[in-house]
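Summary of the model geometry
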Amino acid sequence: MKSFKPNELTTAKLHGYLLSAVAPRPIAFASTIDEDGNSNLSPFSFFNVFSANPPILIFSPARRVRDNTTKHTLENAELTKEVVINVVNFDIVQQMSLSSTEYGQGVNEFEKAGLTMLKSDEVKPFRVAESPVQMECKVNEIVKLGTEGGAGNLIICEVVKMHINEAVLDENGSIDQTKLDLVSRAGGSFYSRAKTGFFEIPKPLTTLGIGVDALPESVRNSNILSGNDLGLLANVENLPLESEIKAFNCSLKNNDEKHQKAKAFLENQDVKKAWLTLLS
């Protein structure tokens, strides 16, 4: 056994061990709004349900390890005392990952991730229309666990209204876990799909993806490419160079054929060839 005390490791190393050992973890796709009305959307895997009466969810936006700064979600929750927690299923996992990119203050991650803002009934933050379960919450309390990088901030939320897509319900009106198709977070770049097991998504945090809002209109409005496909395409810093496109020499002329070919490349995680196909 490799044994150590937490203070014998760097925070980053300990953080990595903890996230890999305590896994898989459910994902809170948290929507908040700042005092100027700007929306923010970000995923957090320090999350779970802790009570049914009252209905309490807790998630924790930790202070950044690298520079000890706080996240917009925490700042917004402190100011407005409201949040919407959306669940993440496999259909939106790539868009969820893209939204975790460190975009600047005031940038709308709904737009960057190509997700639809749905007006809430009881709170100001918007819901994610594509999420199969959305929970509007009031923030009851925020418990700060420390002041150094890596310290958590427990946002204790009370559900005031819950929305469930009928497509994930069974004949008895209960949630069918197979239809829900949730994903969860593990260590490094690994996720787990509840009904199949682990898969991997490269972390988007080291680059600033162009976002779904920056995709060519023909790509953004494709009838062939899924939201996950758009999320993969949007998680690049730059499009291929004109010289690369010419050298690729794609023979397809029809847009639908190009989109089908690009989709096949994306299924194999070959984003570069997918872009070259689309832009040829």
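Parameters at a glance
- Residues numbered from 1 in each chain as written.
- Predicted model: local features only at pLDDT ≥ 70, side-chain atom pairs only at ≥ 80, totals over all residues.
- Heavy atoms only, no water.
- Phe/Tyr/Trp six-rings, centres within 6.5 Å; stacked < 30°, edge-to-face > 60°.
- Helix = DSSP H or I, 4+ residues; strand = E, 2+ residues; numbered from the N terminus.
- Buried < 20%, exposed > 50% of the residue type's maximum accessible area, 1.4 Å probe, protein only.
- Pairing = 2+ DSSP bridges.
- Axes fitted to C-alpha atoms, helices over the stretch in contact; angles between N-to-C directions.
- Core = buried A, V, L, I, M, F, W, Y, C linked by side-chain atoms within 4.5 Å.
- Contact = heavy atoms within 4.5 Å.
- 1 Å grid on protein atoms, 1.4 Å probe; cavity = no way out; pocket = protein on both sides within 12 Å on 5 of 7 lines; lining within 4 Å.
- Points joined across faces, edges and corners; volume = space filled by probe spheres on them.
- Nonpolar A, V, L, I, M, F, W, Y, C, P; charged D, E, K, R; others polar.

1. Some details on the packing of aromatic side chains
Following the criterion strictly, the structure yields four aromatic pairs and no others. Ring centres of F44 and F59 lie 5.5 Å apart, and the angle between their planes is 45 degrees; on these two criteria the pair is classed as tilted. With F44 in strand β2 (residues 39-44) and F59 in strand β4 (residues 55-59), the pair connects residues that are 15 residues apart, well separated along the chain. Here F44 matches F59 in class, with each residue buried. Pairing Y191 with F199 gives two aromatic rings, centres 5.9 Å apart and planes at 20 degrees, and the pair type is stacked.

2. Quick notes on the sheet that holds β4
Strands sit in the order β2-β1-β5-β8-β9-β4-β3 across an open sheet of seven strands; the sheet is antiparallel. For this open sheet the edge positions go to β2 and β3 (47-52), each flanked by a neighbour on one side alone. The mean inter-strand angle of the sheet, taken between neighbouring strand axes irrespective of direction, is 30 degrees. Where strand β5 (residues 82-86) and strand β8 (residues 133-144) come together, five bridges link them in antiparallel fashion. Across the sheet, residue N86 finds its bridge partner in β8, namely Q134.

3. Some points on the side chain of S99
Along the chain, S99 turns up in helix α3 (residues 93-99). Classification of S99 as buried rests on a relative accessible area of 2%.

4. Some remarks on the nonpolar core
In terms of nonpolar packing, the biggest core is built from 20 residues, with F59, V83, I85 and M135 touching the most fellow members. Elements represented by at least two residues in this core include exactly β1 (28-33), β4, α2 (72-80), β5, β8 and β9 (153-164). No other element matches the four residues that β8 contributes to this core. Beyond its immediate sequence surroundings of up to four residues, M135 is in contact with L57, V83, V84, I85, V87, V159, K161 and M162. By size, the runner-up hydrophobic cluster in this structure holds 19 residues, among which are I210, V219, F265 and L278.

5. Description of helix α10 (residues 271-279)
Turning to α10, its buried residues are V271, A274, W275, L276, T277 and L278. Looking at the buried residues of α10, the elements they touch are α6 (217-220), α7 (227-234), α8 (242-248) and α9 (255-267).

6. Considering the layout of surface pockets
Estimated volume of the second largest pocket: approximately 410 Å³. Taken together, 22 residues make up the lining of the second largest pocket; nearest its centre are F47, V49, V87, M135 and L182. Elements that contribute at least two residues to the lining of the second largest pocket include exactly β3, β4, β8, β9 and β10 (183-185). Take the lining of the second largest pocket: its biggest share by element is four residues, from β3. Here the lining of the second largest pocket is built from residues that sort into 18 nonpolar, four polar and no charged.

Purely spatial values, then, with no claim about function.
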